[in-house]
Amino acid sequence: MRKYFINIEGVETPVETEFGLNEVVFKNGDKSNFEYKFITDELILLRVDEKNYLIKSEAVPDSEIKNTEFILEYDSKAYSLVCKSELELLTEKFARNRGEIKIKNELVSPMPGAIVKINVKEGDEVKKGDVLIVLEAMKMENELKAAANCKVQKILVEEKTPVDKNQVLIKFEV
Amino acid sequence: MFKKILIANRGEIAVRIINTAREMGIKTVAVFSNFDRYSMYTKIADEAYHIGESPAAKSYLLADKILEVAKKSGAEAIHPGYGFLSERSFFAKMCNDSGIKFIGPSHDAIQDLGSKTHAKQLAVKNKVPVVAGTENAVKDGEEAKKIADKIGFPIMIKASAGGGGKGMRVVRTMDELDSSLRMAQNEARSAFGDDSVFIEKYVDSPRHIEFQILVDEHGNAVHLGERECSMQRRHQKIIEETPSAIMDEDLRYRMGECAKRIALAAGYSNAGTVEFMVDKDKNFYFLEVNTRLQVEHPITEMRTGIDLVKEQLLIASGEKLKWKQEDIKFNGAALECRICAEDPDSNFMPSTGKLKYIGRNLGNGMREDTGIEQGNEISIFYDSMIAKLISYAPDRKLAIEKMERALRNYTVVGVKTNISFLLNLLKCPEYIEGDYNTQFVERVFLPRLAESKIEIDAELQKALAIAGAIFKEKNEKQTGGKNITSKSSVKKSGWLKRKDLY
């Protein structure tokens, strides 16, 4: 029996599930049968108690512990989901107690393009949602925003210069 | 009729043109950049010539190179599609000077209508209503004040060379006028190197409605009805439909007559689109003429049964229009949604990457125009459109239902898409009522969407939980073990760096 602790869209009571071969038992005692087929690595047809679900998984590159955070898309709507094994839950608790899980401390370019404008300077305190950099790519200007409140430590690029995908643009103090 | 034509374009519109040419027994020549070597349109054309590197400036905008291919391949005419060289009058001239027919209007007509000031003057001369304002650039604050007094606030200051909202300012009171004028001039100077601006009456929350016209080279013109294009975000059209919810016979007649009148006055020929703004009281104002085929042309084709590309080819080969205005019949309703590789949750940022999977089930009443196949890539070089879905039904409600069903059955893996955004738009009450204008998406819809909450019922919750566990286990098998940390977090997490030491 594999056991997972699953939290969907930050729902307060996590769903706790135990898997048999093709049977799943939920925390509240409900049982369901299921079967599935992978259409691609990111897309499955799932049949739960004879009901069909075509579900897509989108990669979440920044999860603290790999392979615990998922964005699942069903019927053109996206749901965030956290799925942890017992071991991962323990690991996380341990790391948190030691204060060793860090928030993301860099802004990287999501695509190749050119820096149009840099709105911050080193030492600035920025708030979540502030536009840090305007990046031009595919003939469009795209705003890159701060993911959390933090302080700009170092800016590694200049305006009007090209950047590659995943290039680090700004480093933050955490 | 031509025996062979060259298509100076790529992607879905190249496919669209090749298809009609083939139906007419005309051979097709494709031109391609490095990126498009094995794209759909280069595969289905009869011939395909390499013309340069992937950036458009080094391939699809190389007029000389494209003409050279046309001569080498023996093509008698060039179809420019939309974008790229389609509205460059010099290209039309180069083609015709070298004995190759440009499938579109004459270069004089493109040039005359391409200048906003000139087009507006032409409209005024031909009794086509325009937004009140100056015909020439405004010299100074004094002159601006006089004009504002005459036409009344609110007014809009616009850069002559403008586009994309730069150098544009709405002014609501006399107090703001001086500073707004200066700011608009500064913006225009830095964006276009030309600080001339003009002033016009500001039409608040207008609709954007355009008319499709066909004009032959013998002075005959018909209009094929309107397209409602008010569903826009930052001047990018999202959903287009025909008929417009506000259209009536009388308004269609008056707007259609204006569209034909301005085209004939400009010596226009071939297919074209005349754009209008329409205010709350159904007053309409001429905006501009697009001297080419439009992205949204299929909805007109569905509603009139007329193949616009075929008519373009017939007109270019010198044939007369086979219809008079009263022969044009409108049936049913059609809408078009543009499926784009972009992320609505991150400010519609384009999403690049390989299309690992495209699943669709179009069925009855749907048309798809696309130039992209599973395994292709969405690159930074060109636009982010994956496909255009067009639904057609006896009435608008049925057409919306068909579109919704088709979008729900459209699955793309590999890049983010705007499909969920399109579905949300189709379902919103304003859309269903047809009660929207060009400001709706940005002012009303996006703020509302940001506030909306996610609802999950118990059954879906179970299905998602199971799916999450399945994906998790699949990933673990692929990385060969449990609790392995990703490369990116190895770099960032101190604990994981020191894991070996424990």
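Residues numbered from 1 in each chain as written. Chains lettered and ligands numbered in written order. Predicted model: local features only at pLDDT ≥ 70, side-chain atom pairs only at ≥ 80, totals over all residues. Heavy atoms only, no water.

(A) Focus on the sheet that holds strand 13 (residues 140-145) of chain A. Residues and elements named next belong to chain A. Read across the sheet, four strands follow the order 13-12-10-15 without closing on themselves; strand pairing throughout is antiparallel. Two strands close off the open sheet at either side, each with one partner strand: strand 13 and strand 15 (162-163). Pairing analysis gives two bridges linking strand 10 (residues 113-118) to strand 15, with the strands arranged antiparallel. Looking across to strand 15, one finds that Ala114 is bridged to Pro162. (Pairing = 2+ DSSP bridges. Helix = DSSP H or I, 4+ residues; strand = E, 2+ residues; numbered from the N terminus.)

(B) Structural detail: the domain arrangement of chain A. Structurally, chain A comprises domain 1 (2-90) and domain 2 (105-173). With centres defined by C-alpha atoms, the gap from domain 1 of chain A to domain 2 of chain A works out at 33 Å. (Domains from an automatic or database assignment.)

(C) Expanded view of the nonpolar core. All names here are of chain B. Ranked by size, the top nonpolar core spans 57 residues in total, and within it Ile5, Leu6, Tyr41, Ile66, Ile78, Phe91 and Leu214 carry the most contacts. Sort the elements by how many residues they give to this core and helix 1 (residues 11-23) lands first, with six residues. For this core, the two domains that each supply at least three residues are domain 1 (4-103) and domain 3 (207-447). Leave out the neighbours within four places in its chain, and Tyr41 touches Asn9, Arg10, Gly11, Ala14, Val15, Ile18, Ala30, Val31, Phe32, Asp36 and Tyr60. Residues Cys337, Leu362, Leu422 and Cys428 belong to the second largest nonpolar core, which totals 39 residues. (Core = buried A, V, L, I, M, F, W, Y, C linked by side-chain atoms within 4.5 Å. Buried < 20%, exposed > 50% of the residue type's maximum accessible area, 1.4 Å probe, protein only. Contact = heavy atoms within 4.5 Å.)

(D) Highlighting unusual backbone geometry. Residues and elements named next belong to chain B. The residue after Phe153, namely Pro154, is reached through a cis peptide bond having omega -5°. Mapped onto the fold, Pro154 is located in the loop between helix 7 (141-151) and strand 6 (155-159). In the segment running from Thr242 into Pro243, the intervening peptide bond is cis, with an omega of 0°. Here Pro243 is to be found in the loop between strand 11 (236-242) and helix 9 (249-265). For Arg234, which is not glycine, the phi torsion reads 50° and is therefore positive. With respect to the helices and strands, the residue Arg234 is situated in the loop between strand 10 (221-233) and strand 11.

(E) Structural detail: the interface of chain A and chain B. Across the contact, 67 residues belong to chain A and 57 residues belong to chain B. Summing the contributions of chain A and of chain B, the shared interface buries around 5600 Å²; its carbon and sulfur component is 62%. Remark: the boundary between chain A and chain B carries eight salt bridges. The interface formed by chain A and chain B contains 14 residue pairs in polar contact (both at pLDDT 80 or more). The element best represented in the side of chain A that touches chain B is strand 6 (residues 51-58) of chain A, accounting for seven residues. Grouping the constituent residues of the side of chain A that touches chain B by class yields 36 nonpolar, 11 polar and 20 charged. (Buried area = accessible area lost by both parts, 1.4 Å probe. Salt bridge = Lys/Arg side-chain N within 4 Å of Asp/Glu carboxyl O. Polar contact = N/O pair within 3.5 Å; in protein donor to acceptor, adjacent residues only side chain to side chain. Nonpolar A, V, L, I, M, F, W, Y, C, P; charged D, E, K, R; others polar.)

(F) Just the pattern of salt bridges, in detail. Evaluation of the coordinates by the stated rule reveals 52 salt bridges over all chains. The residue Lys472 of chain B makes a salt bridge to Glu88 of chain A at a minimum N-O spacing of 2.7 Å. In this pair, Lys472 of chain B is assigned in helix 16 (residues 458-479) and Glu88 of chain A in helix 1 (residues 86-97), connecting two distinct chains. For the pair Lys472 of chain B and Glu88 of chain A, a shared accessibility class is recorded, and that class is buried. Close ionic contact of Arg207 of chain B with Glu228 of chain B constitutes a salt bridge, the shortest N to O distance being 2.7 Å. Within this pair, whereas Arg207 of chain B is found in strand 9 (residues 207-215), its partner Glu228 of chain B is found in strand 10, the two being separated by 21 residues in sequence. In this pair, the class of Arg207 of chain B matches that of Glu228 of chain B, namely buried. Among the charged side chains, a salt-bridge network with shared partners connects Glu210, Arg227, Lys237, Glu240, Glu275, Glu296, Glu336 and Arg338 of chain B.

(G) Structural detail: the sheet that holds strand 14 (residues 333-340) of chain B. All names here are of chain B. Taken in spatial order, the eight strands make up an open sheet running 13-12-9-10-11-14-21-19, and their pairing is antiparallel. Only two strands of the sheet have a single partner each, and these edge strands are strand 13 (284-290) and strand 19 (366-370). Averaged over all adjacent pairs, the angle separating strand axes in this sheet is 25°, with direction ignored. Across the sheet, helix 10 (residues 297-304) is in contact with strand 9, strand 10, strand 11, strand 14, strand 19 and strand 21 (385-393); its angle to strand 21 comes to roughly 20°. Here helix 12 (residues 396-408) sits on the sheet and contacts strand 11, strand 14, strand 19 and strand 21; the angle it forms with strand 21, its principal contact strand, is near 145°. (Axes fitted to C-alpha atoms, helices over the stretch in contact; angles between N-to-C directions.)

(H) Region of the structure containing the environment of Ile6 of chain A. Inspection of the secondary structure puts Ile6 of chain A in strand 1 (residues 2-8). Counting along the chain gives 35 residues from Ile6 of chain A to Asp41 of chain A, while the straight-line C-alpha distance between them is 21 Å. With sequence-adjacent residues up to four places away left out, Ile6 of chain A is seen in contact with Pro14, Val15, Thr17, Leu81, Val82 and Cys83 of chain A together with Ala465 of chain B.

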